Amino acid sequence: MAENMSLLGLEDELTCSICLCLFENPVSLLCGHSFCASCLEATWNDRTSSLSCPQCRMAFSSKPELKKNTVLSAVLDAYRVKAGVSEPVKEPFEVKKEDPDAIKCDSCMEAKAVKTCLTCMASYCEEHVRPHRENVVFRAHQLSDPLPDLMERLCSEHGKLMEFYCIQHQSCICSNCLQCVHKGCEFITADERRFKQKTDLTDKLNILEVKTDRNQQVIAQMKEQQTKLKDLATTRKRILEAEYRQIREAIDRDEAIDRDEKEAMIAIDKEQEKGQSKLVSLMKKFNENIEKMNRTKSQINSLLDQSQSPSFLKASVDLPSVVNFEPYNPRMTVDSKEVIAYHSSAVALKEWIKKLMEKPAENRIFVLKPGNQFPGIPSEIPPLLPNPRENVQMSRVRSPSPSSTPKTKALGAKQKNKNPNKDLKDRKDQKSNRSRNPPKGISPVFSKSMENLLDLTPKTVEILDIFQPVNSPAAQNFIKRSELLKYGTILNFDVRTAHKRISLSENNTKATVSDDPSHYPDIPFRFSVCSQVLCTKGFSQGRHYWEIKMSSNNFCGLGLAYGRIDRKGPASRLGRNAESWCVEWFNVKLSAWHNSIETVLANPNPSRVGVLLDCDQGSATFYNVQDRAYPFHTFVFPFTEAVYPAFWIFSNGSSVSLCKLSN
């Protein structure tokens, strides 16, 4: 009770002499008197009052720093509890601290400066800058925003404002320096140097912004390509599974087919993993480049914020080396040479079995029933497919030497006159040897896929003529031109894709090479490295036939390409990538090209070439067109999208023309 009475008796001592209420955030002056912080601030802000103690009138030359009286505040808190004061305590008053960066007026040394005179080399508040604004005597003086570094702008030797910048010595100088030490030096004003620095740094900042955006765009494209690569692998697997399923339907035992299919799927997975790994590695590199450029951008922005300081005039920022690196989005695919070889072998095997099963039963190769012994691959079967592991291009089902078929037929005739039992025994021995050692030219993959097939009867040999290659002279293959013209189509060259060395004429049906470049606009569709051109029309289904007339079959190529073929790099050459196929005359040599794999062909030296594209069967056959059409090469490939007729012409003056088709 005594304690409570002693605290309650202090009410007069805990009252502010200005507001006559209990102290709120009490502060104390040097004279020892205390007041509410807000009351004292309000009293001093009144322009009629002087800076003095409201109680004892002690004067202060400058506004003193107000500090909270912590002891008095603790006593007040205890008093309020004991007295049961119910009124809420106001929010604590934060004593206003002087801005350390604020520039004081050099006249009154108290008020905040609003202008700096570069002639007087002094800063003034709103009150003391009035003469400079109103008196004509100060009209020539140069006013600027308040500057905190006036002394740094003075020449240490002459004490004058350094208003010039020496280009040779890269330093700020005053007018006296120009007359002595820097006499004869090239100089500009400090403002000109500052403007040039700002412009240079801003330009570098813009370069970094553009490069950063480009890197981010490429990274976004690569993320999309990661998804696309996964979809490509899934699509390729689904197509291959369908091919192998159809093969299984034609034969009983499918262990070898299963093994072949699993290896093909593994090959696709490896290509997908390789592509994803490369994309991840490049994305990591481009992100690191973005971080380096962002650090440089921060450095430039920091300098631009200090553009009024003397040190800014000497500042220099070098762009990081990664600015010179152009980010790119690599073209990734799962269609490697090995995957395409697996796919092509599956397609050719399916077609081989399909054609064979269309023949009469007595001429067919019969399928073994489960449990029967494998009799081997007969020597009469031509080597059909390349080994996918050797990465050899699949171009067409091939046959033995030209003389093999007649000999085989003769052998079959003789066998009819032999002892049937001895003939059966000899054939079993031959089959046993061949099962251990497949004939030369038959790939292990294909021989495994054909393990279930019986040997040929002598009569069956006669039907093998359907498998004679189009390149074989013995086959004497030809087709009536009228049969091809049923699939004839009208084509035109696409001027958007034509290289600048190629000029188009005759309603864009004739392409001629010239050393005088055409004035085509630079657009993404145009070939910029190889003198090539595509047609306007692409095909994704059905059969289509067209003919090309060549002025000379030397240094030119005819073929097909996907619309997404590269247009800018050296890999855009027809046949040197996975997106194009072509037959190419290089001097006197004729070669078939796909995915940078070359197959040398016999050169029929045609002047008119026909092309039959069968999108549904995935083949493109090239014919030497005379009175009849003689095929000289066929590509077998499962086209996954629309293909466009494509042409490469190199020799100056050479030309190719799209022919008008007529019987």
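Procedures and definitions
Residues numbered from 1 in each chain as written. Predicted model: local features only at pLDDT ≥ 70, side-chain atom pairs only at ≥ 80, totals over all residues. Heavy atoms only, no water. UniProt positions renumbered as here; feature names shortened; annotations may be inferred. Helix = DSSP H or I, 4+ residues; strand = E, 2+ residues; numbered from the N terminus. Buried < 20%, exposed > 50% of the residue type's maximum accessible area, 1.4 Å probe, protein only. Contact = heavy atoms within 4.5 Å. Areas by Shrake-Rupley, 256 points an atom, 1.4 Å probe, with all protein chains shown as cover. Pairing = 2+ DSSP bridges. Axes fitted to C-alpha atoms, helices over the stretch in contact; angles between N-to-C directions. Core = buried A, V, L, I, M, F, W, Y, C linked by side-chain atoms within 4.5 Å. Disulfide = S-S within 2.5 Å. Phe/Tyr/Trp six-rings, centres within 6.5 Å; stacked < 30°, edge-to-face > 60°. Lys NZ or Arg CZ within 6 Å of the ring centre and 35° of its normal. Polar contact = N/O pair within 3.5 Å; in protein donor to acceptor, adjacent residues only side chain to side chain. Expected span 1.5 Å × (residues − 1).

An unreviewed UniProt entry lists the protein under the name RING-type E3 ubiquitin transferase, with Rhodeus uyekii as the source organism. The annotation that UniProt attaches to the protein under Catalytic activity (unreviewed entry) is "S-ubiquitinyl-[E2 ubiquitin-conjugating enzyme]-L-cysteine + [acceptor protein]-L-lysine = [E2 ubiquitin-conjugating enzyme]-L-cysteine + N(6)-ubiquitinyl-[acceptor protein]-L-lysine."

**Q** Help me get a handle on the overall build of the protein, residues and values and all.
**A** Tallying secondary structure elements over the protein gives 13 helices and 22 strands in all. Within the span of the protein, comprising 663 residues, buried residues form 45% of the whole. Across the protein, contacts joining residues at least 24 apart in sequence account for 65% of those joining residues at least 6 apart. As presented, the protein carries roughly 36,000 Å² of accessible surface, and 50% of it is formed by carbon and sulfur atoms.

**Q** A description of the environment of T512 should follow, citing residues and the corresponding values.
**A** Its place among the elements puts T512 in strand β11 (residues 510-513). The sequence separation of T512 and I649 amounts to 137 residues, and the corresponding C-alpha distance is 7.8 Å.

**Q** Please provide a residue-by-residue account of the sheet that holds strand β15 (residues 580-586), values included.
**A** Strand order in the open sheet formed by 6 strands is β12-β21-β14-β15-β16-β17, and the pairing between neighbours is antiparallel. Unpaired on one side and paired on the other, β12 (532-534) and β17 (597-601) mark the two borders of the sheet. Taken pair by pair, the neighbouring strands of this sheet meet at an average axis angle of 20 degrees, ignoring direction. Relative to strand β21 (residues 643-649), strand β14 (residues 556-562) runs antiparallel, the two being bridged by 7 bridges. What sits directly across from Y562, in β21, is V643.

**Q** Describe in detail the nonpolar core, supporting the description with residues and values.
**A** One finds F493, L558, V583, W585, L613, F647 and V656 to be the most contacted residues of the largest nonpolar core, which totals 40 residues. A per-element tally of this core places β14 first, with 4 residues. Contact partners of F647, with chain neighbours within four places excluded, come to F493, S531, Q532, V533, C535, I548, G557, L558, L574, V656 and L658. Core analysis: the next-biggest nonpolar cluster, separate from the first, contains 27 residues, I219, A233, M283 and F286 among them.

**Q** Just give me the short version of the sheet that holds strand β2 (residues 34-36), but keep the residues and values in it.
**A** One open sheet holds the 3 strands; their spatial order is β2-β1-β3, and the pairing between them is antiparallel. Bordering the open sheet on either side are β2 and β3 (67-68), each of which pairs with just one other strand. Where strand β1 (residues 26-28) meets β2, 3 bridges bridge the pair, whose relative direction is antiparallel. By the bridge assignment, V27 is partnered in β2 with F35. In the packing of helix α2 (residues 37-45) onto the sheet, the strands contacted are β1 and β2, and the crossing angle to β2 comes to about 90 degrees. Together, β1, β2 and β3 form the strand contacts of helix α3 (residues 70-83), whose direction differs from that of β1 by roughly 150 degrees.

**Q** Just give me the short version of the pairing of β15, but keep the residues and values in it.
**A** In terms of residue burial, β15 counts as a mostly covered element, since 6 of its 7 residues are buried. The sheet contact formed by β14 and β15 spans 6 bridges and is antiparallel. Note that in β15 the partner of G557 across the bridge is E584. Pairing between β15 and strand β16 (residues 589-594): 6 bridges, direction antiparallel. Considered in β16, the bridge of F586 is made with K589.

**Q** Let's hear about the state of the cysteines: which residues, and what values?
**A** By the definition in use, this model includes 0 disulfides. Free of any disulfide, C56 has its nearest cysteine sulfur in C53, 3.7 Å distant. Cysteine C105 is unpaired, with the sulfur of C125 as its nearest cysteine sulfur at 3.7 Å.

**Q** For the packing of aromatic side chains, give the residues involved together with the corresponding values.
**A** The description of an aromatic ring pair rests on the distance of the ring centres and on the angle between the ring planes. Counted according to the given criterion, the structure contains 15 aromatic pairs. Ring geometry for F478 and Y630: centres 6.1 Å apart, planes at 55 degrees, overall tilted. Taken together, the residues span a long stretch of sequence, with F478 in the loop between α12 (444-449) and α13 (481-485) and Y630 in strand β20 (residues 629-636) at a distance of 152 residues. Its relative accessible area of 27% is what places Y630 among the partly exposed residues. Every member of this aromatic cluster is reached through a ring pair, and the members are F555, F586, W648 and F650. Positioned above the aromatic ring of W593 is the side chain of R576, whose terminal nitrogen or guanidinium carbon lies 3.7 Å from the ring centre.

**Q** Now, about the pairing of strand β19 (residues 619-625): what can you tell me, with residues and values included?
**A** Among the 7 residues in β19, 7 count as buried, and that is most of the element. Neither face of β19 is left uncovered, since the one carrying S619, T621, Y623 and V625 and the one carrying A620, F622 and N624 both have all their residues buried. Direction of pairing for strand β18 (residues 608-614) relative to β19: antiparallel, over a ladder of 6 bridges. Looking across to β19, one finds that D614 is bridged to S619. Linkage of β18 to β19, two consecutive antiparallel strands, is achieved through a turn of 4 residues, within which G618 is found at a positive phi near 70 degrees. Examined bridge by bridge, β19 and β20 share 7 bridges and lie antiparallel to one another. Along β20, the bridge assignment pairs V625 with A629.

**Q** Describe the environment of T489, listing the residues and the values that go with them.
**A** Of note, T489 is situated in the loop between α13 and β10 (502-505). Residue T489 is classed as buried on the basis of its relative accessible area, which comes to 15%. With 54 residues separating them in the primary sequence, T489 and R543 have C-alpha atoms 9.5 Å apart. Contacts of T489, omitting those with residues within four sequence positions, involve K537, F539, H544, Y545, W546 and L661. Within the local environment of T489, its side chain forms a polar contact with the side chain of K537, the two groups lying 3.5 Å apart.

**Q** An account of helix α9 (residues 337-357) is needed here, citing residue identities and associated values.
**A** Here α9 contains 21 residues, and its C-alpha end-to-end distance of 30 Å stays within 8% of the 30 Å for a straight helix at 1.5 Å per residue. Buried residues dominate α9, accounting for 16 of its 21 residues.

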